[in-house]
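Listed here are the chains, written in short residue letters.
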Amino acid sequence: MKALPIGRELTSSHWGASEVIRDGGSGGHGGRAGGPARGLRPLPDDPDPSPIGAAMWDAYQSPLRVRRPAVRAGWLEAHGQGRRGPHTGRGREAFVEVSWDEAIELVAGELGRVIGEHGNEAVFGGSYGWSSAGRFHHAQSQVHRFLNSLGGYVRHVDSYSLGAGRVLLPHVVCTMDYLLGHHHSWDVLVASTRLMVSFGGVPAKNAQVGSGGASRHHTRGGLTRLAAAGCRFVNFSPVRDNLDAPDASVEWIPIRPNTDTAVMLALACETVLAGRHDRAFLASHCVGFERWHDYLTGRADGIVKNADWAAAIAQVPAQRLRDLAREMAQTRSLVNVAWALQRADHGEQAFWSGVGLAAVLGQIGLPGGGFALAYGPTNGIGSGDRLMGGPTLPQGRNPVDAFIPVARIADLLLSPGAEFDYNGKRHRYPDIRLVYWAGGNPFHHHQDLNRLARAWQKPDTVVVHEQVWNATARMADIVLPATSTLEREDIGHASRDPYLISMQPALAPPGQARDDFAIFADLAARLGRGEAFTEGRSANQWLRWMYEQAARGMTEAGVQMPSFEDFQAGGGVAFPVNDRPVVLLADFRADPLAHPLKTPSGRIELFSARIDSFGYADCPGHPAWFEPTEWLGSAQALRHPLHLISDQPHTKLHSQLDHSAVSLANKVAGREPVMMHPADAAVRGIADGDVVRLFNDRGACLAGARLSEDMRPGVVKLSTGAWWDPAWAAEGAQDPPAPADGAAPSPGPLDRHGNPNVLTRDAGASSLSQGCSAQSCLVQIERLAGEAPPMRAFEPPVFLARGG
Ligand SMILES: Nc1nc2c(c(=O)[nH]1)N[C@H]1C(S)=C(S)[C@@H](COP(=O)(O)OP(=O)(O)OC[C@H]3O[C@@H](n4cnc5c(=O)[nH]c(N)nc54)[C@H](O)[C@@H]3O)O[C@H]1N2
Ligand SMILES: Nc1nc2c(c(=O)[nH]1)N[C@H]1C(S)=C(S)[C@@H](COP(=O)(O)OP(=O)(O)OC[C@H]3O[C@@H](n4cnc5c(=O)[nH]c(N)nc54)[C@H](O)[C@@H]3O)O[C@H]1N2
Ligand SMILES: [Mo]
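Enquirer: Describe in detail the overall build of the protein chain, supporting the description with residues and values.
Expert: Within the protein chain one finds 26 helices and 31 strands. What you see for the protein chain is a C-alpha radius of gyration of 26 Å, in line with the 28 Å of a compact globule of 804 residues. Taking the principal axes of its C-alpha atoms as reference, the protein chain extends roughly 75 × 70 × 50 Å. When contacts within the protein chain are restricted to residue pairs at least 6 apart in sequence, those whose partners lie at least 24 apart make up 77%. In the form shown here, the protein chain has an accessible surface area of approximately 26900 Å², with 51% of it arising from carbon and sulfur atoms. For the protein chain, the distance from the average position of its 76 positive side-chain charges to the average position of its 83 negative side-chain charges is 2 Å.

Enquirer: Outline the sheet that holds strand S10 (residues 232–236), listing residues and values.
Expert: Ordered in space as S11-S10-S9-S13-S14, the 5 strands form an open sheet in which the pairing is parallel. Edge positions in the sheet fall to strand S11 (250–253) and strand S14 (370–372), since each has one partner strand and no second. Across the sheet, the axes of successive neighbouring strands diverge by a mean angle of 20°, strand direction being ignored. Of the pairings in the sheet, the one linking strand S13 (residues 333–337) to S14 comprises 3 bridges and is parallel in character.

Enquirer: Break down the site of ligand 2 for me, citing the residues and quoting the values.
Expert: Residues in close proximity to ligand 2 total 31 residues, the closest being Asn 206, Asn 258, Asp 260, Lys 652 and His 654. A distance of 2.7 Å is found between an oxygen atom of ligand 2 and a backbone nitrogen or oxygen belonging to Asn 258. The backbone of Pro 649 places a nitrogen or oxygen atom 2.9 Å from a nitrogen atom of ligand 2. Class assignment for the residues of the shell around ligand 2 results in 17 nonpolar, 9 polar and 5 charged.

Enquirer: With reference to specific residues and values, describe the pairing of strand S19 (residues 461–466).
Expert: Within S19, 6 of the 6 residues are buried, leaving the element largely enclosed by the surrounding structure. Of the two faces of S19, the one lined by Thr 461, Val 463 and His 465 and the one lined by Val 462, Val 464 and Glu 466 are each fully buried. In this structure, strand S18 (residues 434–438) lies alongside S19, joined through 5 bridges in parallel fashion. Opposite Trp 437, over in S19, you have Val 464 as the bridge partner.

Enquirer: Let's hear about the site of ligand 1: which residues, and what values?
Expert: Around ligand 1, the surrounding shell holds 35 residues, and the nearest of these are Ser 132, His 445, Glu 466, Ser 655 and Asn 757. Gly 440 is positioned with one of its backbone polar atoms (N or O) 3.4 Å from an oxygen atom of ligand 1. Asn 470 has a polar side-chain atom sitting 2.9 Å from an oxygen atom of ligand 1. Here ligand 1, which alone exposes 910 Å², has 98% of that area covered by the protein. Counting only elements with at least two residues in the shell around ligand 1, the list comes to helix H16 (442–445) and S19. Along the lines of polarity and charge, the residues of the shell around ligand 1 split into 8 nonpolar, 23 polar and 4 charged.

Enquirer: Run through the side chain of Ser 383, naming residues and quoting values.
Expert: One can find Ser 383 in the loop between S14 and strand S15 (403–405). Within the local environment of Ser 383, its side chain forms a polar contact with the backbone oxygen of Arg 496, the two atoms lying 2.8 Å apart. The contacts of Ser 383, once residues within four sequence positions are left out, are Ser 185, Trp 186, His 218 and Arg 496.

Enquirer: Explain the sheet that holds S18 to me, using residue names and the numbers behind them.
Expert: Think of a sheet as strands paired side by side through backbone hydrogen bonds, with each pair either parallel or antiparallel. What the 7 strands build is an open sheet, ordered S7-S18-S19-S20-S5-S6-S31; its pairing is mixed. Either end of the sheet is taken by a strand with one partner, and the two such strands are strand S7 (123–124) and strand S31 (799–800). Two strands pair when backbone bridges link them, and strand S5 (residues 70–72) and strand S6 (residues 95–97) are joined in this way by 3 bridges, in the antiparallel orientation. Counterpart to Ala 70 in the pairing with S6 is Glu 97. Packing of helix H3 (residues 100–118) onto the sheet brings it into contact with S5, S7, S18, S19 and strand S20 (478–481), and relative to S20 it is tilted by some 130°.

Enquirer: So what's going on with the packing of aromatic side chains? Which residues, and what values?
Expert: This structure, assessed with the given rule, holds 28 aromatic pairs. An aromatic cluster of three or more residues is present, and its members are Phe 136, Phe 146, Tyr 436, Phe 517, Phe 520, Phe 533, Trp 542 and Trp 545. Positioned over the ring face of Tyr 295 is Lys 305, at 3.9 Å from the centre of the ring. Here the basic side chain of Arg 514 rests over the ring of Trp 100, its NZ or CZ set 5.1 Å away from the ring centre.

Enquirer: Please set out the state of the cysteines residue by residue, giving values where relevant.
Expert: Within the structure shown, the criterion is met by 0 disulfides. With no disulfide of its own, Cys 772 lies closest to Cys 777 among cysteine sulfurs, the gap being 11 Å.

Enquirer: How would you explain the packing of helix H9 (residues 260–273) against helix H12 (residues 307–314) if you had to name every residue and give the values?
Expert: Packing of H9 against H12 brings their axes to within 8 Å, and their N-to-C directions diverge by 170°. As judged from the angle between their axes, H9 and H12 are roughly antiparallel. You can see that H9 and H12 cross each other, and the crossing is left-handed. Contacts from Ala 262, Val 263, Leu 265, Ala 266 and Glu 270 in H9 reach Ala 307, Trp 309, Ala 310, Ile 313 and Ala 314 in H12. Of the residues belonging to the contact of H9 with H12, the class tally is 9 nonpolar, no polar and 1 charged.

What counts, and at which threshold
Residues numbered from 1 in each chain as written. Chains lettered and ligands numbered in written order. Predicted model: local features only at pLDDT ≥ 70, side-chain atom pairs only at ≥ 80, totals over all residues. Heavy atoms only, no water. Helix = DSSP H or I, 4+ residues; strand = E, 2+ residues; numbered from the N terminus. Rg over C-alpha atoms; globule rule 2.2 N^0.38 Å. Contact = heavy atoms within 4.5 Å. Areas by Shrake-Rupley, 256 points an atom, 1.4 Å probe, with all protein chains shown as cover. Lys, Arg positive; Asp, Glu negative; His and termini not counted. Charge placed at Lys NZ, Arg CZ, Asp CG, Glu CD. Pairing = 2+ DSSP bridges. Axes fitted to C-alpha atoms, helices over the stretch in contact; angles between N-to-C directions. Near = heavy atom within 4 Å. Polar contact = N/O pair within 3.5 Å; in protein donor to acceptor, adjacent residues only side chain to side chain. Nonpolar A, V, L, I, M, F, W, Y, C, P; charged D, E, K, R; others polar. Buried < 20%, exposed > 50% of the residue type's maximum accessible area, 1.4 Å probe, protein only. Phe/Tyr/Trp six-rings, centres within 6.5 Å; stacked < 30°, edge-to-face > 60°. Lys NZ or Arg CZ within 6 Å of the ring centre and 35° of its normal. Disulfide = S-S within 2.5 Å. Parallel < 35°, antiparallel > 145°, perpendicular 65-115°, else oblique. Left-handed = near helix turned anticlockwise from the far one by under 90°.

Function cannot be read off these values alone, since they describe shape.
This is the structure in structure tokens:
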């Protein structure tokens, strides 16, 4: 079988592939044939193109782009005087623009000094973030390869997306990476699934994106087809509008946030109490059912985890849970657990309970049955397209052992030398002197941003490569301007995507922006490691090398690939259609001895002797219910009575393109919208469109109220991604006004824009994973009295003349 040319000139992004429109008609391919590019359009064969892409063209040409290397004024002054610090000016001071030569000299000098004086263990290069699509100019890969060429760096493990899930699942069933590529395909669901019980919906707005690209968006169409085939959906969710199937097919059960585990345990318990559990499957494919059975039925602790028990915790009707347990056992049913649920205190339990419930029902490995983790989060899940290994940039070897679970960044900076638990071992935080970030926005993505801002004062130097003047660029000492996807050539690839794309540049870089690769190549050369970093290849030679490596593997896998020249000339290639249905864990089901899982027992572990042996009080050997530290059932709810959900934004990818017309059109009074139930608004005297203040003991932000009956009362939703806009006292703004209800004043500057992470809690999900637990957060809201302070997030920083 042959991969065929696409025959269009394309670029690609995490939210979709686009065709480049040129004056005098499309260049057809290769970009060089046509005139200057005029814009982008979505691919005609994408059934559900993402609206995010519509504003990308203008946003990448915004005045907010970083145009020249820039150095924080206070850092430059201290450096000139041979001092280090103070670092309290980060985020507050003006910048001085410098030449590339000087910038390279400063960064190389600092890297050399820190590594020389403190070793590579003093450099944090984890640099978490989604960067951009394109396999070569992938900033995170570039920064890791670069730092490895200098002798290594302190890295991160896992992700914000799936911190708890990635650590838990290999002990229990299979790796998250395996799951990402092997969920039942939508065709299989349409043919077989008749009841989908979802915890956290199936939001098509999230499936707009796919890491690395998303040329054909499947999820909305898949849900519509599934409903048409007669599938019913039950959605346990604090918000109604996150399951994008036709309304008539969806039953909404407005659950209290963070209590899904209790409901899943109850569904399993009721199944067992009624004798409807699949004894044969539990005996042949699982281990540890007896231990879990004793927990579910109360033999272990005297508490029966039945429907009445869960109904009191989750505030859902007990009879509905009993009926649902019966329906699930009698129908081809699927348990779907959104990733958001494990981004919470004890987040492991939601995933493990979901797998456990599916095991008790015994449909794992049958077409359309079992569990899903999850439909919705990204486009690739449920794609039936061919699974192809794509081109990769080798990252070299990192001889430094020290690492952090990704969301422990503030702990790392605040507590050098302190010990932490992770996945059965104890580790120690190293002492970080230099932070290097390219392709991520920690001042968007991390929890408790005021705490992170305090931790950020610790390192001697912070270097950031950025495209735009967002919060992380402003919090840096040295900012190097990076190009965007639209300004460079690359190869676009995503897992189970139908295309391998020859991405063509459509715009000239703004100002003096350079590719991350070019910046690192210069730095490496200056540090005497040029050859180690580039291996003598230019960007173009790397593209050819990466393509040829991948093409060889693809040809071996039975798909004949063209030469690099023909690949480029054809705009990329379409892979042959995959005609084999994808059924998750079908082989294991058919023969668990011939196809064992990679768990210690080779089976699904409902009791994990290994996890049990770690002895963690907050993550025992079987799925269990724990009260989160912050939830509507906790004492803190007396002072902060609203549960804050900070989900993924539908108008942008995290903080990327928050400055675009599409994202700005969704703001309320210029602020990020906070969704709240009309009843919660009424008791606070809040009207739709008001500017409100959200606060708790960690911080405060402004947002624009949007009232909606789609919210469970007591729950509010502020999506992530608004560019953090701290009103530092130095700007003449007031520190946060005293709360009206006499509660303790909020620490840290007021965020004028609406980034939920000034409110979220910075604590690991458990000792097992230390994953991000952003969804466990309580707040209070009040109407902002008086005029809202003007925002500064979408203004470039102040630049000073040299010595000024
Ligand atoms: N409260 C709360 N917080 C959350 C979450 C939540 O659910 N709730 N979700 C978490 C999750 S799942 C994730 S994945 C994270 C996402 O967090 P991030 O991945 O850090 O978010 P992005 O906004 O995608 O950041 C990417 C940054 O890279 C820059 N960039 C893009 N391309 C390039 C390039 O080629 N070169 C360089 N140098 N820079 C580039 C962009 O301008 C942008 O600033 O957020 C997490 N934070
Ligand atoms: N448009 C767009 N799409 C994205 C992203 C983006 O930034 N923009 N980010 C991408 C990334 S990096 C990731 S990791 C995925 C994340 O994918 P998810 O983690 O699945 O996405 P979220 O939107 O955070 O949450 C999904 C739903 O869970 C609900 N929810 C929250 N807490 C609870 C709870 O306690 N119980 C129940 N039952 N429901 C709850 C929320 O209301 C939300 O509707 O999305 C990806 N897709
Ligand atoms: Mo994520």
